[in-house]
Amino acid sequence: MRFFSLKRFGLLAMLVIALGLFIFISTHAKANTLPTGDQSNPPTSPNWSLAGVQPSSPALVVTPPPPNTDTCLSCHILGQNKGLWTPLARWVLFGSLGMVFVFGVYRSANTWVTKSPWKPLTNRAADWVDERYQISEPLSKILKKPVPRYALNWWYCLGGITAFLFVVQGVTGILLAFYYKPTPEAAYASIQYIESQVYFGSSIRAIHHWCANGMIVVCVAHMLRVFIMGAYKRPRELNWVSGVLLLILTLVFGFTGYLLPWDQRAFWATTVGSEIAGAIPAIGNLAIIFLRVGWNVTGETLSRFYGLHVIVVPLATVTFMAAHFLMIRRQGIAKPL
Amino acid sequence: MPENEHSTEDTIPFYPDHIRTEFYVVLGVLVVVLIIAIVAMIKPVGIGEPADPLNTPLHVKPEWYFLSLYQILKKIPPMILGIQGKVIGVVIPIILVGLIFIWPFLDNKPDKSKKIYWIRLAFVIVAVITIIALTIWGEVS
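Being a predicted model, the structure only gives us computed values, none of them experimental. (Residues numbered from 1 in each chain as written. Chains lettered and ligands numbered in written order. Predicted model: local features only at pLDDT ≥ 70, side-chain atom pairs only at ≥ 80, totals over all residues.)

(A) Layout of the overall build of chain A. Helix and strand counts for chain A stand at 12 helices and 1 strand. Moving toward the C terminus, one meets the helices and strands of chain A in the order α-α-α-α-α-β-α-α-α-α-α-α-α. In chain A, buried positions account for 26% of the 337 residues. The contacts in chain A between residues at least 6 apart in sequence include a share of 66% that link residues at least 24 apart. (Helix = DSSP H or I, 4+ residues; strand = E, 2+ residues; numbered from the N terminus. Buried ≥ 20, exposed ≤ 12 C-beta atoms within 10 Å, placed from the backbone. Contact = placed C-beta atoms within 7 Å.)

(B) The arrangement of the overall build of chain B in detail. Along chain B, the regular secondary structure elements total 5 helices and 3 strands. Along chain B, from the amino end to the carboxyl end, the secondary structure elements read β-α-α-β-β-α-α-α. Against the 2.2 N^0.38 benchmark of 14 Å for 141 residues, chain B shows a C-alpha radius of gyration of 23 Å, more extended than a compact globule. Its C-alpha atoms give chain B principal-axis dimensions of about 65 × 50 × 20 Å. Per-residue burial over chain B gives 13% buried out of 141 residues. (Rg over C-alpha atoms; globule rule 2.2 N^0.38 Å.)

(C) Main features of helix α3 (residues 85-114) of chain A. Residues and elements named next belong to chain A. Between the first and last C-alpha of α3 there are 42 Å, a value that for 30 residues agrees with the 44 Å anticipated at 1.5 Å per step. Here α3 lies mainly on the outside; 0 of its 30 residues are buried. Downstream of α3 by a residue or two, K115 has a phi angle that is positive, lying close to 65 degrees. (Expected span 1.5 Å × (residues − 1).)

(D) Here's a closer look at the interface of chain B and chain A. At the junction of the two partners, chain B supplies 60 residues and chain A supplies 62 residues. When residues of the side of chain B that touches chain A are traced back to their parent elements, those giving at least two are β1 (11-13), α1 (14-42), α2 (64-75), α3 (85-101), α4 (103-106) and α5 (115-140) of chain B. Counting residues per element, the side of chain B that touches chain A draws most heavily on α1(B), which supplies 13 residues. Counted by class, the side of chain B that touches chain A contains 39 nonpolar, 10 polar and 11 charged residues. Where strand β1 (residues 146-148) of chain A and β1(B) come together, 3 bridges link them in antiparallel fashion. Each residue of the ladder has a partner; that of A:P146, found in β1(B), is B:P13. (Nonpolar A, V, L, I, M, F, W, Y, C, P; charged D, E, K, R; others polar. Pairing = 2+ DSSP bridges.)

(E) Quick look at the nonpolar core. Residue and element names in this part refer to chain A. In this structure, L165, M215, W262 and A266 are the most contacted members of the largest nonpolar core, which totals 53 residues. In terms of residue count, helix α8 (residues 201-228) provides more of this core than any other element does, 13 residues in total. In this structure, M215 is in contact with T162, L165, F166, Q169 and T250, ignoring residues within four places of it in sequence. (Core = buried A, V, L, I, M, F, W, Y, C linked by C-beta atoms within 7 Å.)

(F) Spatial organisation of the domain arrangement of chain B. Here chain B is partitioned into domain 1 (1-46) and domain 2 (55-141). Here domain 1 of chain B and domain 2 of chain B have C-alpha centroids that lie 31 Å from each other. (Domains from an automatic or database assignment.)

(G) Main features of α3(B). Residues and elements named next belong to chain B. Relative to the 24 Å expected for 17 residues at 1.5 Å per residue, α3 spans 24 Å between its end C-alpha atoms, a close match to the ideal helical length. Burial in α3 covers these residues: K86, G89 and V90. Buried residues of α3, seen end-on, are gathered within an arc of 90 degrees and therefore sit on one face of the element. Exposed residues on α3 whose side chains face more than 90 degrees from its buried face are I92, I95, L96, G98 and L99. (Arc of directions from axis to C-beta.)

(H) A look at the environment of A:F325. Residue and element names in this part refer to chain A. Structurally, F325 is set in helix α12 (residues 299-331). Overall, the presence of 14 C-beta atoms within 10 Å leaves F325 in the partly exposed class. When the C-alpha positions of F325 and V297 are compared, they lie 37 Å apart, and in sequence the two are 28 residues distant.

(I) Local environment of unusual backbone geometry. Omega for the bond connecting A:R234 with A:P235 falls within 30 degrees of zero, at 10 degrees, which places this linkage in the cis form. Secondary-structure assignment places A:P235 in the loop between α8 and α9 (237-259). Note that the residue after B:Y15, namely B:P16, is joined by a cis bond; omega there is 5 degrees. In this structure, B:P16 sits in helix α1. At A:W262, a residue that is not glycine, the phi angle is positive and equals roughly 60 degrees. Relative to the helices and strands, A:W262 is located in the loop between α9 and α10 (264-278). Residue A:W262 is classed as buried on the basis of its 26 C-beta neighbours within 10 Å.

And the structure:
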C-alpha cells in the first residue's frame with residue numbers, strides 16, 4: 001500500500017513543477033504581444049482562405065485579443081484586467097484545498113455514523129484503486145525484487161543515465177516540436193523563434209542539443225563497461241544485441257536531428273553524412289535515395305528526417321529499451337569476477 | 001544456485017533502496033541539465049547561416065560521431081589492391097559493427113580470471129584512442 005502513499009512529497013513537488021513548466025512553455029510565447037517596431041501590420045486571425053477554408057465561416061476564425069489585454073478566468077465577471085496565471089493558480093490552490101476539506105467533512109461524518117475505523121485519505125484512495133485493478137500484489141513483487149549489492153557501483157549507473165537522458169530528450173523534444181516547422185522555408189525561422197520568442201526556448205534547445213551529445217557519450221561508455229566486464233556472456237547475448245541496436249538508434253537520432261535547424265552546418269553535414277552511406281557497395285544508391293528522397297538534400301529530405309526523428313526512431317527505441325530492461329530484470333545484473 | 005539468485009545478505013530490495021540510489025544519480029544529471037539551461041539563457045546554442053545548396057562552405061564536416069569515419073573516407077587512397085578505396089573505407093567499419101553486433105556469440109566461453117578484463121581494457125583503450133585521434137585529425141584538418 002505504501003507505494004501509493006504521498007510521503008515522498010519532494011518527488012511529487014518535482015513532478016508538479018515539471019508539469020507546470022511544461023504547460024507554461026507550451027502555452028506562452030512572447031510573440032503574443034505586438035512587436036514594438038512595425039505596427040502597420042498587426043497580427044490578425046490566420047488567413048483561412050489560403051488553407052482552403054471559407055473565411056465566411058465565423059466559427060473557425062479566432063481573433064486574438066488586442067495586445068496587453070490577455071483574457072483571464074474571471075475578468076468578465078469582476079471587470080479586472082489580470083493575467084491568466086494568478087486566477088488559475090488561486091483556483092487550483094484554494095479549490096483543491098476546499099475539495100479536500102469538503103471530502104474530509106464528509107468522511108468524518110461517515111465514520112461517525114457507520115463506526116468504521118478511520119483511515120488516512122491516501123490509504124483510502126490506494127485501497128479504492130487496488131480494489132479495482134488488484135495491482136498491489138504483483139507490483140510489490142516487482143518492487144521488492146532483490147538487487148545485488150555489487151550493482152551499487154559507479155560503473156553500473158551509466159545505463160540508467162542513458163535511459164534518463166532519453167526521457168529528458170523526449171520531454172524537451174516534444175516542447176521543441178510544438179514550435180518547430182519542418183519545411184525548408186520555415187524551419188530556420190522557427191528555430192530563431194524558439195531561440196528568441198519562446199519562454200526558456202534557448203534553454204530547451206540547449207538541453208536537447210547537449211544532452212543528445214551526452215547521451216551518445218554515456219551510451220558508448222555503458223557499452224565499453226559491459227564489454228570490459230564481459231557482462232554480455234551467456235545468457236545475456238540478446239541484451240548485448242539489443243544494446244548495440246539502441247546505440248545505432250541513438251546515432252540515427254543524432255544524424256536525423258542534426259539536419260532539422262536547416263542552417264549551413266546542418267545541410268552540409270547531412271550531405272556528407274549521406275555520402276558515407278552512399279559509398280556502401282551494391283545498396284549505396286538505394287541508401288542515398290532513401291535518406292535524401294532523391295539525389296540531393298532538399299525539403300523532402302527535411303520532411304523525411306523529421307518523420308524519422310520524431311516518430312520512427314523513438315518508437316523503435318522505446319521498443320528495444322523495453323526488451324533491454326525486461327532482459328535485465330529476468331536475468332539479473334551480471335556478476336563481476 | 002543460479003547466477004541471478006542471491007542470498008539475502010548481499011542484496012538490497014529494488015524499492016526503495018536501489019530506486020533511491022538511482023534517484024540520486026538522476027538528481028545529479030538534473031543538476032547538470034539545470035546548469036546547461038542557465039548557461040543557455042546567457043549563451044544560446046545559436047544557429048548559423050541559413051542553408052544554401054548553391055554555396056558550399058570551405059570546411060564541410062559531418063557530426064563529430066561520424067567524423068572519424070569521414071576522415072578515413074577522405075584520407076584513404078583511391079585504389080587499394082584493385083578495389084576502390086571508398087568501398088573499403090565503408091565496408092570495413094560496417095563489418096566491424098557487424099562483429100560488435102554478434103560478439104557475444106563469438107566470445108561465448110565464461111571468463112576464467114580477471115586477467116581477461118585487462119586484455120579487454122587494453123583493447124578498448126587502443127580502439128578509443130584510434131577513434132579520438134581520427135576525430136581530432138578530422139576536426140583540425
